[in-house]
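Inside the fold
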Amino acid sequence: MHENQVGYFCHYVPWELFEACGLRGTLVTPAPPFPREREAFFPVPFCPFSKLIAEEIHRAPFSLYVLGFACDASRRTKEILEYLHTKKNLPKTILSLPIPFLGSSWGIQRLAENLRQLSLQLALLAGIHPWEVETRLGEVILSSYEERKEISTLFFAGRLPTQALLTHKRGESLPSQEARPSVLLIGSHLFLSEVVQIAEECGLSVIEESPRGTGPWLILPEQDFVPSSDPFLDLARLYTLHKFPCPRVNQRRAQTIHKMVDHLSLTGVIFLYPQFCDAFLYQLGLLRRFLAVPLLPLAHDTEPNLAQWTTRIEAFREVVRCAPSSPMAPQKL
Ligand code: SF4
C-alpha cells in the first residue's frame, strides 16, 4: 500500500476509521487542470462531480480507495473505475461504504453495520487485528469530536470565515476579524474559490458552509455527543445526527441553513450546484420556498462558468442591497 495512504470520497466516509487502522486518509479532491480523458466512459448526462472524482482517482498514486455509495452516480463511478483499472492492469483496490438514507434510526444502525464491515476489510489490508481497530476507534472519535466542536462553535459565531475554517487548528489564535460576512455560500465541492473570489470582487463578504478540501466538517451546535460502548454506532451517530447534513437530508439541511442565515444575520445565499444531481436540485427547490433572504443558484459542469457567474453575482449584489432589512418569515417546512 502506498505509504499507508488511502484516498476516500465523500465526507460521509469517516477518516477516523482509517486512523484507527493506522492508515492515513486523504479526501479525493479534484483540482484544476481537469483532464477529460475518460469522459467517454460515462453515460450522458452524468454528474460532473463524479466524473472529476473518477479522473482524480485514476491518475492519483494510492493503491487503495474507499468510495461512499450515496447515490447512483457514485455506484456507477466505482464500476467504471474498476473496468478501467482491470483493462490497464492497475493495482488499485476500491472498497465501498454504502451510506443509507440518514434520516432514521434504521439508517444509523445500518451505517454502523456497514462501518464495521469496512473496518474488517481495512484491518485485513493494514495487517492489524480487528479488535485493535475497535479499541483505538473510541479514542479517535472523541478527539475528532472535540476538535470539530471547537471549530464549529467559532464558525457559527461568524469568527471563521472562508479559508480560515479549513486551516484553523485547535488552540491557534483566531485570524484577524475580516469584514462581517454578508452572504452564505453553500453547495458543491467544486469551484468554491472561483465563486468566493468573484463575490469578494463584487464587494460581497462571503462565509462558506464549506465541504471543500480536507477541512473539518461542521458539528451542529444543538446537542452534545455522548459516547456509548459501541464505537461503530458512535461513528454512525456522529456522522448522521451531529454533522452538518448533506443535500440528501433535504429538510434538515434546509432548516440548518435557515438557522445559520438567521443567526449570522446574513443577507443572501449563493447556492452552487453540480448539474444533473437530483439531491442538489431537490435542495434548491426547498430552499427557494423556505429561505427568507435572496437566493442565487449557480450551476456548474466540469468547468467553471466565470463570465456568466460574474454577471449574475453582480446582479445579485444589487438584489441583496435592495432587499428589505427585515425579511419575511420563511414558510413552514
Ligand atoms: S453531486 Fe449528486 S450525483 Fe454527484 S456524487 Fe454528489 S450526490 Fe451523487
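Structure shown above.
Residues numbered from 1 in each chain as written. Predicted model: local features only at pLDDT ≥ 70, side-chain atom pairs only at ≥ 80, totals over all residues.

**Considerations on helix α4 (residues 105–126)**
- For α4, spanning 22 residues, the distance from its first C-alpha to its last is 31 Å, which sits close to the expected 32 Å at 1.5 Å a residue.
- Buried residues of α4: Leu111, Leu115, Leu118, Ser119, Leu122 and Ala123, and no others. Relative to the axis of α4, the buried residues are bounded by an arc of 140° and lie together on one face. Exposed positions of α4 whose direction lies more than 90 degrees from the buried face are Trp106, Leu120 and Leu124.
- Turning to α4, the residues buried within the fold contact α1 (15–20), β3 (64–69), β4 (93–98), α5 (130–156) and α8 (231–242). (Helix = DSSP H or I, 4+ residues; strand = E, 2+ residues; numbered from the N terminus. Expected span 1.5 Å × (residues − 1). Buried ≥ 20, exposed ≤ 12 C-beta atoms within 10 Å, placed from the backbone. Arc of directions from axis to C-beta. Contact = placed C-beta atoms within 7 Å.)

**So, the nonpolar core**
- By size, the foremost hydrophobic cluster in this structure holds 78 residues, and its most contacted members are Val183, Leu185, Val195, Val269, Ile270 and Phe271.
- Residues lining this core come from more than one domain, with at least three contributed by each of domain 1 (2–137) and domain 2 (138–322).
- Not counting chain neighbours up to four residues away, the residues in contact with Val183 comprise Ala199, Leu204, Val206, Leu266, Thr267, Gly268, Val269, Ile270 and Val320.
- Counting five residues, the second largest nonpolar core, distinct from the first, contains Ile151, Phe155, Leu218 and Phe244. (Core = buried A, V, L, I, M, F, W, Y, C linked by C-beta atoms within 7 Å. Domains from an automatic or database assignment.)

**Some thoughts on helix α9 (residues 250–263)**
- With 14 residues, α9 ought to run about 20 Å at 1.5 Å a step, and its terminal C-alpha atoms sit 20 Å apart, in line with that.
- Where the residues of α9 are buried, they touch β5 (183–187), β7 (268–274) and α10 (278–290).
- At the C-terminal side of α9, Ser265 shows a positive phi close to 50°.

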